[in-house]
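Report on the structure
These are the residues of each chain, in order.
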Amino acid sequence: MTRSLTSETVLDNPAWSALRGAHARFAVRHGRAARYQSDVAPFHALSDPADPSAWDDLAFLVEPGASVTIAGAGGVAYPGWEVAGSVAGVQFVDVSLAAASYPEALRLGAPDVPEILDLIARTRPGPYLQRTVELGVYLGLRSPSGALIAMAGERLHPAGWTEISAVCTDPAHRGQGLATRLIRAVAAGIRARGETPFLHTSAANVNAIRLYESIGFELRKKTDFTAYRRLA
């Protein structure tokens, strides 16, 4: 796969790109700050996290005392905000993933949300809210009894790219390669649109990193997910 370094620049601030583009219908914006609607995703974004005026704009979207998580802000405090915590993360891009359909996988939708949220609560792959399913295609697998046992789907959608997210498998069904097959199936849909898959995970999630590297993802950059609390 040929990579365009120019097109990759949107990955330095993917939530901002998504909220100004493919996900604009979910956006609440003020100047140089934006966030997703509160029942869609818990993500906020700035046009430039190093710009203090963008943080001033963000204050219009956040109640005093509330916390937000900003990716790639470096854990630096800004006037009117305090750092509440930070997690080291990594960003991977698809360079040689063998994308393939998965006929057994089912498209998930609004009626599946209660089961999705239950699986997310048990496996903790990352935040998932009532309307997150609207962000893109989510595929799931059901056991013979009908229970949802694994899933993966699309989250952030910066120009030319789609993030694979919510990759999780019920503990009783791990070790069967279900996550890998779902990732490949989601990627096949992304590739069919002429876009490229990417994803994020915690830098401490060694097992996930090992899996992603083994199936064709390459580390693009290290980042951070820093929680900021708005001061009164």
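Up top is the structure.
One structure accompanies this document, and this report is about it. (Residues numbered from 1 in each chain as written. Predicted model: local features only at pLDDT ≥ 70, side-chain atom pairs only at ≥ 80, totals over all residues. Heavy atoms only, no water.)

1. Points about the pairing of strand β2 (residues 33-36)
What counts here: Pairing between two strands requires that DSSP report at least two bridges joining them. Under the DSSP-based scheme used, a helix requires at least four consecutive residues in state H or I and a strand at least two consecutive residues in state E, with every element numbered from the N terminus.
Of the strand pairs in this sheet, strand β1 (residues 27-30) and β2 are connected by four bridges, and their pairing is antiparallel. Counted as the bridge partner of V28 is R35 from β2. Two elements, β2 and strand β3 (residues 44-46), share three bridges in a ladder whose sense is antiparallel. Residue R35 lies in a different strand from β3, and its bridge partner there is H44.

2. Looking at the pattern of salt bridges
Two side chains that carry opposite charge are able to pair once their charged atoms sit near each other. Here is the rule: Any Lys or Arg side-chain nitrogen found within 4 Å of a carboxyl oxygen on Asp or Glu counts as a salt bridge. Here the term buried applies to any residue with accessible area under 20% of the maximum for its type, exposed to any over 50%, and partly exposed to those in between, with areas from a 1.4 Å probe on protein chains only.
All chains considered together, the criterion is met by 16 salt bridges. The salt bridge involving D170 is made with R122; its shortest N-O contact spans 2.2 Å. A residue pair is termed long-range when its members are at least 10 positions apart, and D170 in the loop between β9 (161-169) and α4 (178-192) and R122 in helix α3 (residues 113-123) qualify at 48 residues. R122 gets classed as partly exposed once you look at its relative accessible area, which sits at 39%. Counted as one network, the salt bridges with shared partners bring together E8, D12, R220 and K221.

3. Side note on the nonpolar core
Note the following rule: Nonpolar cores were defined as sets of buried Ala, Val, Leu, Ile, Met, Phe, Trp, Tyr and Cys residues, with membership established by side-chain atoms within 4.5 Å. By definition, residues are in contact when any of their heavy atoms lie within 4.5 Å.
Counting 26 residues, the largest nonpolar core has L141, I164, L182, I183 and F217 as its most contacted members. Those elements giving two or more residues to this core turn out to be β5 (81-94), β7 (138-142), β8 (148-154), β9, α4 and α5 (206-215). Per element, the largest residue contribution to this core is eight residues, and it comes from α4. Here L182 is in contact with Y102, A105, L139, L141, A150, M151 and A152, once residues within four sequence places are set aside. Counting 18 residues, the second-largest nonpolar core is a separate cluster that includes A15, A18, F26 and A34.

4. Overview of helix α2 (residues 52-59)
Among the residues of α2, A54, W55, D57, L58 and A59 are the ones counted as buried. Among the structural elements, β1, β2, β3, β4 (67-71), β5 and β11 (217-230) are those in contact with the buried residues of α2.

5. A closer look at the sheet that holds β4
The condition is simple: The convention used is that axes are lines fitted to C-alpha atoms, helices contributing only their stretch in contact, and that angles between N-to-C directions extend from 0 to 180 degrees.
If you trace the eight strands from one edge of the open sheet to the other, you get β4-β11-β5-β10-β9-β8-β7-β6, paired in mixed fashion. Unpaired on one side and paired on the other, β4 and β6 (106-107) mark the two borders of the sheet. Strand direction decides the pairing type here: β6 and β7, joined by two bridges, are antiparallel. Residue pairing in the sheet places L106 in a bridge with G140 of β7. Relative to β8, α3 is tilted by about 95°, and along the sheet it contacts β7, β8 and β9. In the packing of α5 onto the sheet, contacts are made with β5, β9, β10 (196-202) and β11, and the angle to β10 comes to roughly 160°.

6. Looking at the sheet that holds β2
If you trace the three strands from one edge of the open sheet to the other, you get β1-β2-β3, paired in antiparallel fashion. Edge positions in the sheet fall to β1 and β3, since each of these pairs with one other strand and no more. Sheet twist, expressed as the average angle between the axes of neighbouring strands with direction ignored, equals 20°.

7. Structural notes on the packing of aromatic side chains
Rules: Working definition: rings of Phe, Tyr and Trp (its six-membered ring) pair if their centres are within 6.5 Å, and the pair is stacked with planes under 30 degrees apart, edge-to-face with planes over 60 apart, and tilted otherwise.
Evaluated as defined, the whole model comprises eight aromatic pairs. Each residue in the set W55, Y78, W81 and Y228 is aromatic and connected to the rest through ring pairs, giving one cluster.

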